[in-house]
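Structural characterization, general
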Amino acid sequence: MEEHTQRHPIVLITDNNYVVPTHVTISSLIKNKSTETCYEVNILCINVSTKNISHLKKHSTKTVSITIFDLKNKYESLNINHPHVSKAALFKFDIPKLLHQHEKVLYLDSDI
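To start, this report covers the structure provided alongside it. Each residue is numbered by its place in its chain's sequence as written, counting from 1. Side-chain atom pairs in this predicted model are given and counted only at pLDDT of 80 or more, local residue features only at pLDDT of at least 70, and totals for whole chains, interfaces and linings cover all residues. The basis for the side-chain values is all heavy atoms of the structure; hydrogens and waters are excluded.

**Let's talk about helix α1 (residues 19-32)**
For α1, with 14 residues, the first-to-last C-alpha span of 20 Å sits near the 20 Å given by 1.5 Å per residue. Of the surrounding secondary structure, the elements contacted by the buried residues of α1 are β1 (6-15), β2 (37-46), α2 (50-57) and β3 (64-71). What counts as a helix is a DSSP run of H or I of at least four residues, what counts as a strand is a run of E of at least two, and both are numbered from the N terminus. Expected span, for any helix, means 1.5 Å times one less than how many residues it has. Any two residues whose heavy atoms approach within 4.5 Å at even a single point are treated as in contact.

**Topic: the nonpolar core**
The biggest cluster of nonpolar side chains holds 16 residues, and the ones touching the most others in it are Ile26, Val41, Ile43, Cys45, Ile66 and Ile68. Mapped onto this core, the elements with two or more residues apiece are β1, α1, β2, α2 and β3. When residues of this core are assigned to their parent elements, the largest contribution, 4 residues, is made by β2. Buried residues of nine kinds, namely Ala, Val, Leu, Ile, Met, Phe, Trp, Tyr and Cys, make up a nonpolar core once their side-chain atoms join them within 4.5 Å. Buried means the residue's accessible area, taken with a 1.4 Å probe over protein chains only, is under 20% of the maximum for its type, while exposed means over 50%, and partly exposed covers the values in between. In terms of nonpolar packing, the next biggest core, distinct from the first, is built from 10 residues, Ile46, Leu71, Ala88 and Phe91 among them.

**Some remarks on the sheet that holds strand β4 (residues 106-107)**
Strands pair, by our definition, only if DSSP identifies at least two bridges between them. One open sheet accounts for 4 strands, arranged β3-β2-β1-β4; its pairing is parallel. Edge positions in the sheet fall to β3 and β4, since each has one partner strand and no second. Every angle, taken between N-to-C directions, lies between 0 and 180 degrees, and every axis is a line fitted to C-alpha atoms, over only the stretch in contact when it is a helix. Docked against the sheet, α1 engages β1, β2 and β3, running at close to 165° with respect to β1. Packing against the sheet, α2 makes contact with β1, β2 and β3, and its axis sits at approximately 160° to β3.

**Remarks on the packing of α1 against α2**
The contact between α1 and α2 brings their axes to 10 Å, and the two run at 5°. Taken together, α1 and α2 sit at an angle that is classed as roughly parallel. Here Val19, Thr22, His23 and Ile26 of α1 come into contact with α2, specifically with Asn52, His55 and Leu56. An angle counts as roughly parallel when it lies under 35 degrees, as roughly antiparallel when it exceeds 145, as roughly perpendicular when it falls between 65 and 115, and as oblique in every other case.

Next up, the structure:
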């Protein structure tokens, strides 16, 4: 990324069921950003196919970096049967550990 631009770290979480909304969110970010803004998009992936990870990486541009965290779901053994909250969503609590180099990040739900 260019040095003179402002860099914004963004975090999204997805599993294989949420890859399409994640694509839409990233596409919208790219389409609507200002020319002087750079995004560092960090995608926490849980049980995402290699094919879908490859497609997510294709969003990378000169001003939008895509970093994939292919995580093993440490929350898999939890007994959660909630129709609107997946176990993957629990990784939002791990963002400070995973991206400790940033003072602040913007977490966005992938279906924003």
